[in-house]
Amino acid sequence: MSSFYFLLCFTNFLLLFYQSFSSPSKQTLLLPLKTTLHPHPHAFTRNSKLSSSVVATASVAANKLTFRHNVTLTVSLSVGSPPQNVTMVLDTGSELSWLHCKKAPNLNFVFTPQSSKSYKPLPCASPVCKTRTRDLPVPVSCDPNNKLCHVAVSYADASSIEGNLAYENFVIGSSTRPGFLFGCMDSGFSSNSDEDSKTTGLMGMNCGSLSFVSQMGFPKFSYCISGFDSSGVLLLGDARFSWLKGLNYTPLILRSDPLPYFDRVAYTVQLEGIKVGNRMLNLPRSAFLPDHTGAGQTMVDSGTQFTFLMGPVYTALRNEYLQQTRGVLRVYEDPNFVFQGAMDLCYRVRGSALASFSNLPRVSLIFQGAEMIVSGERLLYRVPGMNKGGDSVYCFTFGNSDLLGIEAFVIGHHHQQNVWMEFDLVKSRVGFAEIRCDLAGQRLGMGL
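Residues numbered from 1 in each chain as written. Predicted model: local features only at pLDDT ≥ 70, side-chain atom pairs only at ≥ 80, totals over all residues. Heavy atoms only, no water.

## Some remarks on the overall build of the protein
Selection criterion: Put simply, DSSP H or I for four residues or longer makes a helix, DSSP E for two residues or longer makes a strand, and each gets a number counted from the N terminus. Buried means the residue's accessible area, taken with a 1.4 Å probe over protein chains only, is under 20% of the maximum for its type, while exposed means over 50%, and partly exposed covers the values in between. Residue contacts are defined here by distance: any two heavy atoms, one from each residue, within 4.5 Å place the two residues in contact. To be clear on the numbers: accessible area is Shrake-Rupley with a 1.4 Å probe, and residue cover counts the displayed protein chains and nothing else.
Looking only at helices and strands, the protein features seven helices and 30 strands. Buried residues in the protein amount to 60% of all 448 residues. Contacts spanning at least 24 positions in sequence make up 70% of the contacts within the protein whose residues lie at least 6 apart. When the accessible area of the protein is evaluated, it comes to approximately 17,600 Å², of which 52% is carbon and sulfur surface.

What follows is the structure, encoded as structure tokens:
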């Protein structure tokens, strides 16, 4: 299965290698990442819309952009001729990159194609309209009004957007990618217009042929999200630094046969078990494997804030964590309260108890060949604006996929904080290692 994934990603990379700027594999672009706090965080954003986002903005120095996270990870760059500044949600769970191209009352930022000399819409008669869109979940159609290649995207939170595919110049740092294929969107429905108003669009970063990383021709990319000061780093290209050591790699997997619930171009890894403290959950290996429909794959997704587990696994983790924190944390007893629709284990915490988070039992996600440890403040998330009798309400940062109607395990970016995440498309693997991401940004001269 992993060999098929390797062929898919590597073929996409080779097809686009020579269409990209010269020697993309030798070029490395650094993008500082910074956090944007949203007053009403929610469980979803883009792709399968599984929560938050990350934002990157172009800095003065060449090849450097800023990246902000919390409920959203975003990237800022320039598009068109003359260039227009745009800000895009960074999403490893989506393929198509798109921009809002039509002004609306709820949108503060849009790309104006009429002002760009390099904008070129894609006719539906072009073979590219069919061949390059084969991995999109919704088949493209032909816009009857203008005979352009029409694309529609829908998300798990019921948001949707549609428009036409077009070619345009994308400039990131000092690198220009002419003829970048993206969605120029003119209509849709948003479940969170507040958040959408802060960005111009979405940057798809999965393994599909239309994704940003595939079209730009980078063989790998990395990011590192700080848990201390809301900063971070996004790096496109190879990361070879003397201080970056000890990455553990887990292979990417994919099934060659199309299945109804399996995303074939997601960054899919194999979750094999979960430990709470030193105790492994008593679950069969089959509980973590996709079934005959593809339900149960494990995706690494920067477009999701928290981590969601399939029902039986979540229940086992919830029960074990309750058992190990009995007498240490005070459970918030309200059967009608479920944070973000999927997180039903919450606690009442007094200010003086915050220091004890470091003593909580850690949760270890065991992958094939690697382990991700969730500890300290990453285990609990304060519900904004919610207080009970002088106590703040904190919720366990693992949720139940079943309550969201998601047929998958999803590793969200909250649990990727202070972890160097590397996505290697050529060797078909994901690598990670614990690191102080704020210090990594300083070493890379981000001036964070």
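More follows now that the structure is in view.
## What about the nonpolar core?
To be explicit about the condition: To form a nonpolar core, buried Ala, Val, Leu, Ile, Met, Phe, Trp, Tyr and Cys residues must be joined to one another through side-chain atoms within 4.5 Å.
Counting 71 residues, the largest nonpolar core has Phe 212, Ile 274 and Val 363 as its most contacted members. Non-local contacts of Val 363, meaning those with residues more than four positions away in its chain, are made with Ile 274, Lys 275, Leu 317, Tyr 321, Met 372, Ile 373, Val 374, Leu 379, Phe 396 and Phe 398. Within the second largest apolar cluster, 19 residues are counted, among which are Phe 339, Val 383, Val 393 and Leu 404.

## Describing unusual backbone geometry
Residue Pro 82 is reached from Ser 81 by a cis peptide bond, and omega for that bond is -5 degrees. Within the secondary structure, Pro 82 sits in the loop between strand 4 (72-79) and strand 5 (84-91). The backbone of Gln 340 shows a phi angle near 55 degrees, a positive value even though the residue is not glycine. Examined against the element boundaries, Gln 340 turns out to sit in the loop between strand 21 (330-331) and strand 22 (346-349). With relative accessibility at 14%, the residue Gln 340 sits in the buried group. The phi dihedral of Ser 428 is positive, around 55 degrees, even though this residue is not glycine. Within the secondary structure layout, Ser 428 lies in the loop between strand 29 (419-424) and strand 30 (429-434).

## Structural notes on the pattern of salt bridges
Threshold: Salt bridges are defined as contacts in which a side-chain nitrogen from Lys or Arg sits within 4 Å of a carboxyl oxygen from Asp or Glu.
Counting across every chain of the model gives 12 salt bridges. One salt bridge in this structure joins Arg 348 and Asp 391, with 3.1 Å as the shortest N-O distance. Of this pair, Arg 348 sits in strand 22 while Asp 391 sits in strand 26 (residues 391-396); the two residues are 43 residues apart in sequence, bridging distant segments of the chain. Of the residues examined, Arg 348 reaches a relative accessible area of 23% and is grouped as partly exposed. Residue Asp 391 is classed as buried on the basis of its relative accessible area, which comes to 2%. Among the ionic pairs, Arg 350 bridges to Asp 391, the shortest N-O distance being 3.3 Å. Of this pair, Arg 350 sits in the loop between strand 22 and strand 23 (363-367) while Asp 391 sits in strand 26, and the two are 41 residues apart along the sequence. Ionic contacts of the salt-bridge type, sharing partners, join the residues Lys 220, Asp 238, Arg 240, Glu 422, Asp 424 and Arg 429 into one network.

## Notes on the environment of Arg 318
Its place among the elements puts Arg 318 in helix 5 (residues 311-325). When the C-alpha atoms of Arg 318 and Phe 396 are compared, they prove to be 8.6 Å apart, with 78 residues separating the residues in sequence. Non-local contacts of Arg 318, meaning those with residues more than four positions away in its chain, are made with Asp 344 and Leu 345.

## Notes on the side chain of Asp 238
Filter applied, for reference: Under the rule applied, a polar contact is a pair of N or O atoms within 3.5 Å (in protein, one hydrogen donor and one hydrogen acceptor; residues adjacent in sequence only if both atoms are side-chain atoms).
The residue Asp 238 is located in the loop between strand 14 (231-236) and strand 15 (248-251) in this model. The exposure class of Asp 238 is buried, given its relative accessible area of 18%. For Asp 238, the side chain forms a polar contact with the side chain of Lys 220, separated by 3.2 Å. A polar side-chain atom of Asp 238 sits 2.6 Å from a polar atom in the side chain of Arg 240. Not counting chain neighbours up to four residues away, the residues in contact with Asp 238 comprise Thr 28 and Lys 220.

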